[in-house]
Amino acid sequence: MASLDLQDISKRYSNLAAVDTLSLSIADGELVCLLGPSGSGKSTLLRMIGGFEIPSSGKILIDGVDVAPVPPDKRPTAMVFQSHALWTHMNVWENIAFGLKLRKFSRDEVAAKIARVMELVGLTGYEKRHPSQLSGGQQQRVAIARSIVLEPKILLLDEPFASLDQHLREHLREEVRQIQRQLGITTIFVTHGQDEALALADRIVVMSKGKIEQVGTPDEIYARPQTEFVAGFIGVMNLVSATVSGGSLAFAGEALSAPVADGLATLAIRPEDWKVGEGAGLKATVTRTVNLGAYVLADVALPDGTTVKVHLDKARAVREGDPIEIGIGPFALYRDNMVIHRS
Ligand code: ADP
C-alpha cells in the first residue's frame, strides 16, 4: 500500500545517537522486522516513522512524500504498542470505532468496517466485552484491529507480543502474517526475538548501536551473516578466536586458507555445520549433551581445550564422556570489516 524511504535518519539525545545516519528502503507490501538487542534504536526508529519522535536529521519519505511536517494522527501510519493501551471504559466495539468516528464515516460504514476487522482478528462476537473481560492475547488482537481499521498505508508494531507467553506469541505472529498478507499492508515489526524475526519477516534489519548491521531475508541473515555481531546474534554460533598468519590460520590442528591481513580473526561455525564421524579429523570428547527433540546439541571439547557446540543426530546416541571425531565444514571468517564465507 506504500513504500517507505529512510534517508540518513539520526536521532540524538544529548551525546547519544539512538539512531545514527540510517538509510533503508522498504517496498510496498513488505513485512520487515527490526531486530536487535535492547537499546539498539529500534523503537526510536519506529517512533520517528510514526511521527512520535522528530528526527535530529534525515528524511522519511512515504510513497516519495516527505512526512516531516505531518503529525502522527495525520500520517498514513498506525502504531501498535507493546502495552495495548485500550480504553478500559469502552467496550471492544467502541474502542475500534473511536478512531473511525474522528474520521467522520457514516454509521453504516463504521459498522461494516468494524465487522470486517473483527473477523480478520478472529474476535467476531466479542464486540460488547470490555478489555478487562479479555485475555492478554485478545486485548492485543483488539489493539491490532483498532489500528488496521483505519486502513493505514504502513502498520508499525513495537514488540506487540512481548508481554505474552511463548505459545501465544507464536500463534499471534502467524495471525499477523496472515492478516498482513491478506491486506498487503507494508508492515514494520520491532522485536528483540530472533525467532520472531526469522519466522515473520520478508526481510530482517539487524540493528546495533543505532546502525544497521545487515539487511537481508531470514535465510541470508542466518546463512551469510555479514558481520561478527550478526553471526553472534542470530541462532547458535561457535565464535572462536584464531590468529591469521601468512594467509592461513591454524584451527584445532587444521590449516585453513584465510586470505586476510595477519592478526587476530574470528572463526564462526554453526553447530550443524561440523562434519561428524570417523575420519572427520579431530579426536574430541563430548562433555555435555542436551536433547532438543529432533537432535542433540552437544558441547564437545577439542584437543586444544576449546569447547564448541555441535549438532548430533539422535541416532548417534552419544553420552557425556564419549569420544567423537569432528571436522570443520562450512565456516565464516571475520577480520576487521571483512568477512569470508566458505561452504
Ligand atoms: P530499542 O528499541 O532497540 O530497545 P530504543 O530506541 O528504545 O532502543 O533506545 C535506543 C537508545 O536511545 C537507548 O540507549 C535509549 O536509552 C536511548 N533513548 C531512547 N529514548 C530516549 C529519550 N527519550 N531520551 C534519552 N535517551 C533515549
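Residues numbered from 1 in each chain as written. Predicted model: local features only at pLDDT ≥ 70, side-chain atom pairs only at ≥ 80, totals over all residues. Heavy atoms only, no water.

Asks: Before we go on, may I ask you to explain the site of the ligand in this structure?
Replies: Contacts to the ligand come from Y13, L16, A18, P37, S38, G39, S40, G41, K42, S43, T44 and R47. One of the backbone N or O atoms of G41 is found 3.0 Å from an oxygen atom in the ligand. Within the side chain of T44, a nitrogen or oxygen atom sits 2.5 Å from an oxygen atom of the ligand. Protein contacts shield 61% of the accessible area of the ligand, which totals 560 Å² for the unbound molecule. Only strand 2 (16-26) and helix 1 (42-50) provide two or more residues apiece to the shell around the ligand. When residues of the shell around the ligand are assigned to their parent elements, the largest contribution, 4 residues, is made by helix 1. (Near = heavy atom within 4 Å. Polar contact = N/O pair within 3.5 Å; in protein donor to acceptor, adjacent residues only side chain to side chain. Areas by Shrake-Rupley, 256 points an atom, 1.4 Å probe, with all protein chains shown as cover. Helix = DSSP H or I, 4+ residues; strand = E, 2+ residues; numbered from the N terminus.)

Asks: Can you walk me through the nonpolar core in this structure?
Replies: With 42 residues, the main nonpolar core has I96 and I144 as its most contacted residues. The contacts of I144, once residues within four sequence positions are left out, are V80, V121, L157, F161 and V176. (Core = buried A, V, L, I, M, F, W, Y, C linked by side-chain atoms within 4.5 Å. Buried < 20%, exposed > 50% of the residue type's maximum accessible area, 1.4 Å probe, protein only. Contact = heavy atoms within 4.5 Å.)

Asks: So what exactly am I meant to see when it comes to the side chain of T44 here?
Replies: Here T44 is to be found in helix 1. Taking relative accessible area as the criterion, T44 reaches 9% and is therefore assigned buried. Leave out the neighbours within four places in its chain, and T44 touches K11, Y13, A18 and V19.

Asks: In this structure, what is going on with the sheet that holds strand 4 (residues 57-62)? I would like to understand it.
Replies: The strands that make up a sheet are held in pairs by hydrogen bonds between backbone atoms, and each pair lies either parallel or antiparallel. Spatial ordering of the open sheet is given by 2-1-4-5, a layout of 4 strands whose pairing is antiparallel. Each having just a single partner strand, strand 2 and strand 5 (65-66) make up the two edges of the open sheet. Pairing of strand 4 with strand 5 involves 2 bridges; the strand directions are antiparallel. Bridge assignment links I62 to a residue of strand 5, and that residue is V65. Running over the sheet, helix 1 touches strand 1 (4-13), strand 2 and strand 4 and is turned about 120° from strand 1. (Pairing = 2+ DSSP bridges. Axes fitted to C-alpha atoms, helices over the stretch in contact; angles between N-to-C directions.)

Asks: Looking at this structure, how should I read helix 3 (residues 107-120)?
Replies: An α-helix turns once per 3.6 residues; consequently, residues spaced three or four apart project the same way. With 14 residues, helix 3 should reach 20 Å at 1.5 Å per residue; the first-to-last C-alpha distance of 20 Å fits that figure. What helix 3 keeps buried is the set V110, K113, I114, V117, M118 and L120. Along helix 3, the residues classed as buried sweep out an arc of 155° about the axis, all on the same side. Structural note: helix 3 exposes D108, R116 and E119 on the side pointing more than 90 degrees away from its buried face. After helix 3 finishes, the residue G122 shows a positive phi value of roughly 70°. (Expected span 1.5 Å × (residues − 1). Arc of directions from axis to C-beta.)

Asks: Just checking my understanding: could you explain the sheet that holds strand 8 (residues 186-191) for this structure?
Replies: In spatial order, the strands read 6-7-8-3-9-10; together these 6 strands make up an open sheet with mixed pairing. Since the sheet does not close on itself, it has two edges, and those belong to strand 6 (77-80) and strand 10 (211-216), each with one partner. Shown here is a sheet whose adjacent strand axes are inclined to one another by a mean of 20°, direction ignored. Two strands pair when backbone bridges link them, and strand 9 (residues 203-208) and strand 10 are joined in this way by 5 bridges, in the antiparallel orientation. Note that in strand 10 the partner of V205 across the bridge is V215. Packing against the sheet, helix 4 (residues 136-148) makes contact with strand 6 and strand 7 (154-158), and its axis sits at approximately 170° to strand 6.

Asks: Quick question: what am I supposed to make of the packing of helix 4 against helix 5 (residues 166-183) here?
Replies: Between two packed helices, what matters for the description is the angle formed by their axes and the separation of those axes. Running from N to C, helix 4 and helix 5 cross one another at 20°; their axes reach a closest spacing of 11 Å. Judged by the angle between their axes, helix 4 and helix 5 are roughly parallel. Crossing of helix 4 over helix 5 shows right-handed handedness. In contact with G137, R141, I144 and I148 of helix 4, helix 5 contributes L168, H171, L172, E175, V176, I179 and L183. Of the residues in the contact of helix 4 with helix 5, the class split is 7 nonpolar, 2 polar and 2 charged. (Parallel < 35°, antiparallel > 145°, perpendicular 65-115°, else oblique. Left-handed = near helix turned anticlockwise from the far one by under 90°. Nonpolar A, V, L, I, M, F, W, Y, C, P; charged D, E, K, R; others polar.)

Asks: Explain helix 5 here, please?
Replies: Relative to the 26 Å expected for 18 residues at 1.5 Å per residue, helix 5 spans 26 Å between its end C-alpha atoms, a close match to the ideal helical length. Considered for burial, the residues of helix 5 that qualify are L172, R173, V176, R177, I179 and Q180. Packed against the buried residues of helix 5 are strand 3 (31-35), helix 3, helix 4, strand 7, strand 8 and helix 6 (194-200). The residue sitting at the N-terminus of helix 5 and contributing the capping side-chain oxygen is D165; that oxygen lies 3.1 Å from the backbone nitrogen of H167. Directly after helix 5, the chain includes G184, whose backbone phi takes a positive value near 65°.

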